[in-house]
Amino acid sequence: MRYVKLAGSSVPAIGQGTWYMGENPHRKAAEVAALQQGIELGLTLIDTAEMYAEGGAEEVVGQAIAGRRDQVFLVSKVYPHNASQRGVPAACERSLKRLGTDCIDLYLLHWRGQYPLEETVEAFERLREQGKIRRWGVSNFDVDDLRELDDANCATNQVLYNPTQRGIEFDLLPWSQKRGLPTMAYCPLAQAGQLLQHSVLSEIAERHGATPAQVSLAWVTRNDGVVAIPKAVTPEHVRLNAAAGVLSLNSEDLRAIDRAFPAPTRKQPLAMV
Ligand SMILES: NC(=O)c1ccc[n+]([C@@H]2O[C@H](COP(=O)([O-])OP(=O)(O)OC[C@H]3O[C@@H](n4cnc5c(N)ncnc54)[C@H](OP(=O)(O)O)[C@@H]3O)[C@@H](O)[C@H]2O)c1
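Residues numbered from 1 in each chain as written. Predicted model: local features only at pLDDT ≥ 70, side-chain atom pairs only at ≥ 80, totals over all residues. Heavy atoms only, no water.

Enquirer: Can you walk me through the site of the ligand in this structure?
Expert: Near the ligand, the surroundings consist of 29 residues, among which Asp47, Lys231, Thr234, His237 and Asn241 are the closest. Gln191 is positioned such that a nitrogen or oxygen atom in its side chain is 2.8 Å from an oxygen atom of the ligand. Contact between the ligand and Lys231: an oxygen atom at 2.8 Å from a side-chain N or O atom of the residue. Its atoms largely coinciding with the cavity grid, the ligand occupies the largest pocket. Of all the elements, helix H9 (residues 235-243) adds the most residues to the shell around the ligand, at three residues. Its residues placed into classes, the shell around the ligand shows 16 nonpolar, ten polar and three charged. (Near = heavy atom within 4 Å. Polar contact = N/O pair within 3.5 Å; in protein donor to acceptor, adjacent residues only side chain to side chain. 1 Å grid on protein atoms, 1.4 Å probe; cavity = no way out; pocket = protein on both sides within 12 Å on 5 of 7 lines; lining within 4 Å. Sits in = over half its atoms within 2 Å of the grid points. Helix = DSSP H or I, 4+ residues; strand = E, 2+ residues; numbered from the N terminus. Nonpolar A, V, L, I, M, F, W, Y, C, P; charged D, E, K, R; others polar.)

Enquirer: Before we go on, may I ask you to explain the pattern of salt bridges in this structure?
Expert: Per the counting criterion, the structure on display carries 20 salt bridges. A salt bridge links Arg134 to Asp105; the nearest nitrogen and oxygen atoms lie 2.1 Å apart. Pair noted here: Arg134 is in strand S6 (residues 133-139) and Asp105 is in strand S5 (residues 104-109), with a separation of 29 residues, a long-range link. Among the charged side chains, a salt-bridge network with shared partners connects Arg166, Glu169, Arg222 and Asp258. (Salt bridge = Lys/Arg side-chain N within 4 Å of Asp/Glu carboxyl O.)

Enquirer: Which parts of the structure should I look at to understand the environment of Gln130?
Expert: Position of Gln130 among the secondary structure elements: in the loop between helix H4 (117-129) and S6. When its relative accessible area of 49% is taken as the criterion, Gln130 is described as partly exposed. (Buried < 20%, exposed > 50% of the residue type's maximum accessible area, 1.4 Å probe, protein only.)

Enquirer: Honestly, the packing of aromatic side chains in this entry has me stumped. Any pointers?
Expert: Aromatic rings in a pair are described by how distant their centres are and how their planes are angled relative to each other. Taken as a whole and assessed by the stated rule, the structure comprises six aromatic pairs. With a centroid separation of 4.7 Å and 15° between ring planes, the pair formed by Trp19 and Tyr20 is classed as stacked. Given a relative accessible area of 40%, Tyr20 falls into the partly exposed group. Three or more aromatic residues joined by ring pairs form one cluster here, namely Trp19, Tyr20 and Tyr52. (Phe/Tyr/Trp six-rings, centres within 6.5 Å; stacked < 30°, edge-to-face > 60°.)

Enquirer: Just to check I follow, could you spell out the environment of Ile104 for this structure?
Expert: If you trace the backbone, Ile104 turns up in strand S5. Look past the residues within four positions of Ile104 in its chain and what remains in contact with it is Arg69, Leu74, Ser76, Cys92, Ser95, Leu96, Leu99, Lys132, Ile133 and Arg134. (Contact = heavy atoms within 4.5 Å.)

Enquirer: In this structure, what is going on with the side chain of Asp142? I would like to understand it.
Expert: With respect to the helices and strands, Asp142 occurs in the loop between S6 and helix H5 (143-149). Residue Asp142 is classed as buried on the basis of its relative accessible area of 13%. Setting aside its immediate chain neighbours within four residues, Asp142 contacts Asp171, Leu172, Lys267, Gln268 and Leu270.

Enquirer: Looking at this structure, I do not really get empty space enclosed by the protein. What am I missing?
Expert: Which parts of space are left empty comes out when a probe the size of a water molecule is rolled across the atoms. As enumerated under the stated definition, the model contains one cavity of 30 Å³ or more in all. Of the voids in this model, the largest cavity is the one considered here, and its volume is about 40 Å³. (Points joined across faces, edges and corners; volume = space filled by probe spheres on them.)

Enquirer: So what exactly am I meant to see when it comes to the layout of surface pockets here?
Expert: Approximately 620 Å³ is the volume attributed to the largest pocket. Along the walls of the largest pocket sit 34 residues, with Cys187, Gln191, Ile229, Pro230 and Lys231 positioned nearest its centre. With three residues, the single largest contributor to the lining of the largest pocket is H9. Among the residues forming the lining of the largest pocket, the class breakdown is 20 nonpolar, eleven polar and three charged. Taken as a whole, the second largest pocket spans an internal volume of roughly 370 Å³. Around the second largest pocket sit 23 residues that line it, and Cys154, Arg179, Gly180, Leu181 and Pro182 are the ones nearest its centre. Of all the elements, helix H6 (residues 172-178) adds the most residues to the lining of the second largest pocket, at four residues.

Here is the structure:
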């Protein structure tokens, strides 16, 4: 597994997402087991949010990390409509309760909303002083947003990134890398859609004795300072995602992906899901 420096910690370049977890009580046990399997295999960064199943995903995570909190780097996110002076501490308190912990390692603003950035940052800093969060960051911020934020305490920007969504390579990714701001790549498997059926990914996968999903994860994390957070509940998917941590693509593979999914040649609006 490759490691990335994030918010003062060394974290695996591949972690675990949790969107759509916690929505169905019948699936909860499988979701908890998947996260625990991932932790055992080294996928010790877990990404969640108060938005996912309106707290349900945080409850799944809380159950999964009970008794193993110290092995996990925990990321959660506050809704923009809660990102006010009063809203942030109240939302964080609810998240802490659901997660069954007294501290979140990295707390993100999920996307920009109606509250001024300074107000949200002030609330984050207060939580940091109180020890309820270790660090804070943002999500779905483009270069202009980061320039406006202009705060060296921001520990990450979490954005959409996979071979079919390369817009950030034009400006946001180099801008962040230059400033040492790590990027968390969401939907690194393009939500298991067409990408995983693409012949180019299949050919590369075959050459490496790997799967297209593993190729996508190796590609997303090929740059320093990028962490991918695939979500997986199927045990075989969790196993494959952990194993992707040692897959390294060569220049021939990268050229083939560039031909199939060309890098951006001009500014693109930041894509979100
Ligand atoms: N900040 C934001 O605005 C934002 C937005 C979107 C997502 N996120 C975060 O990013 C995480 C990842 O994004 P996502 O969940 O939307 O999409 P994703 O990780 O790209 O794709 C998830 C899908 O891929 C499947 N999968 C997982 N591993 C696989 C493998 N090795 N081979 C084949 N299929 C595999 C999963 O199936 P199974 O579950 O059946 O294994 C699931 O259907 C989220 O869970 C969330 O934590 C953040």
